[in-house]
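Each chain, letter by letter, is given below.
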Amino acid sequence: MTRGEFLDRVLLPLGRLTAEERADVRRELEEHVEDRMEALLEMGWSEELAESRCLEAMGDPVEIGREMARQYPGPWWLWIGRAAVILTAVVCIQALLGFGMLGYAWDSLTVRISPSTAVSIGELKNVEAVEELDIRAEVGNDVLRIYQVSVGEKDGQRAAMVLACMYDRWPFGIVANGLRARSELLSQRGETGTSGGGRGTATAQYAARWAPVEPGDTHVVWEYRAIGGTVRLEVPLPGGEETA
């Protein structure tokens, strides 16, 4: 979502605003985004990523607009001033927490220490082996981590199920969304399975993928389509050829 689209959605529930009042509110929001982006740009972040993280940290744009409309139905000049104060306070709190929301602090910790295994849709049947892994790759300001692989039966064929998570390198930071949508698991022959499910919050993304395996296979490959290129992580199967 671009900045313009985000601001349009914030203003959508505010139908009573005049054109001038809408311009004032939009300008206030623009200034808040620019202020937060400036700090990230000085740290070396790209403009695209800095803008994306700032918008994610602000939350759901439609809900922001609705909350403004509920809390401040009075004169627009007073409402605009109060809304600016609230937005400033919210963004400052998020900045102090490394752009992470207080409610997601626990997710930010657990994804680093003990990632959840309850992220797949439909378990493997006749499981032959399960192995905990710790394969990591830096993707921009995030870390992609492969933490479990299992071999068993899925949809009537022998398959490997791999669990992965993603989090920001900065504790309590906002992680880029899209781990599930941008990931595939490939067999040694390039075959792909389907999504095994997943879930995510602002600070932790999880995904499960499976791919068919045959006797003698030693690994599968997790592919993540990142901005600027594809990250490929080779995932060893439990016991290598011994799982044949």
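A brief report on the enclosed structure follows.

Each value, and the rule that gives it
Residues numbered from 1 in each chain as written. Predicted model: local features only at pLDDT ≥ 70, side-chain atom pairs only at ≥ 80, totals over all residues. Heavy atoms only, no water. Helix = DSSP H or I, 4+ residues; strand = E, 2+ residues; numbered from the N terminus. Buried < 20%, exposed > 50% of the residue type's maximum accessible area, 1.4 Å probe, protein only. Pairing = 2+ DSSP bridges. Axes fitted to C-alpha atoms, helices over the stretch in contact; angles between N-to-C directions. Contact = heavy atoms within 4.5 Å. Salt bridge = Lys/Arg side-chain N within 4 Å of Asp/Glu carboxyl O.

1. Examining unusual backbone geometry
A positive phi angle, close to 50°, is found at N126, a residue other than glycine. You can see N126 is positioned in strand β1 (residues 125-139). We note that D155 has phi near 55°; this positive angle belongs to a residue other than glycine. For D155, the position within the fold is in the loop between β2 (142-154) and β3 (157-168).

2. Structural notes on the pairing of strand β7 (residues 219-226)
Extensive coverage of β7 is indicated by the burial of seven of its eight residues. Here four bridges tie strand β4 (residues 183-186) to β7, and the two strands are oriented antiparallel to one another. Within β7, the residue paired with L185 across the bridge is W222. Examined bridge by bridge, β7 and strand β8 (residues 229-236) share eight bridges and lie antiparallel to one another. The residue of β8 that forms the bridge with A226 is G229.

3. Section: the sheet that holds β7
Across the sheet, which stays open at both edges, the three strands sit in the order β4-β7-β8 with antiparallel pairing between neighbours. Each edge of the open sheet is held by one strand with a lone partner, namely β4 and β8. Taken over all neighbouring pairs, the strand axes of this sheet differ in orientation by 20° on average, direction set aside.

4. Details of the sheet that holds strand β5 (residues 195-200)
Spatially, β1-β2-β3-β6-β5 is the arrangement adopted by the five strands of the open sheet, whose pairing is antiparallel. Unpaired on one side and paired on the other, β1 and β5 mark the two borders of the sheet. The mean inter-strand angle of the sheet, taken between neighbouring strand axes irrespective of direction, is 15°. In the sheet, β2 pairs with β3 via twelve bridges, with the strands oriented antiparallel. Within β3, the residue paired with D142 across the bridge is D168. Where helix α6 (residues 105-113) meets the sheet, its contacts fall on β1, β2, β3 and β6 (205-212), and the angle it forms with β3 comes to roughly 130°.

5. Side note on the pairing of β5
By the bridge criterion, four bridges tie β5 to β6 in an arrangement that is antiparallel. Each residue of the ladder has a partner; that of G198, found in β6, is A207. Between β5 and β6, which follow one another and run antiparallel, lie four residues.

6. Examining the pattern of salt bridges
Here the structure, examined in full by the defined rule, presents eleven salt bridges. R189 is the partner of E191 in a salt bridge, and the nearest nitrogen-oxygen pair spans 3.2 Å. The exposure class of R189 is partly exposed, given its relative accessible area of 40%. Note that R189 is salt-bridged to E214, the shortest N-O span being 3.8 Å. Of the two residues, R189 sits in the loop between β4 and β5 while E214 sits in the loop between β6 and β7, which places them 25 residues apart along the sequence. Among the ionic contacts, a cluster of salt bridges with common partners joins R189, E191, E214 and D217.

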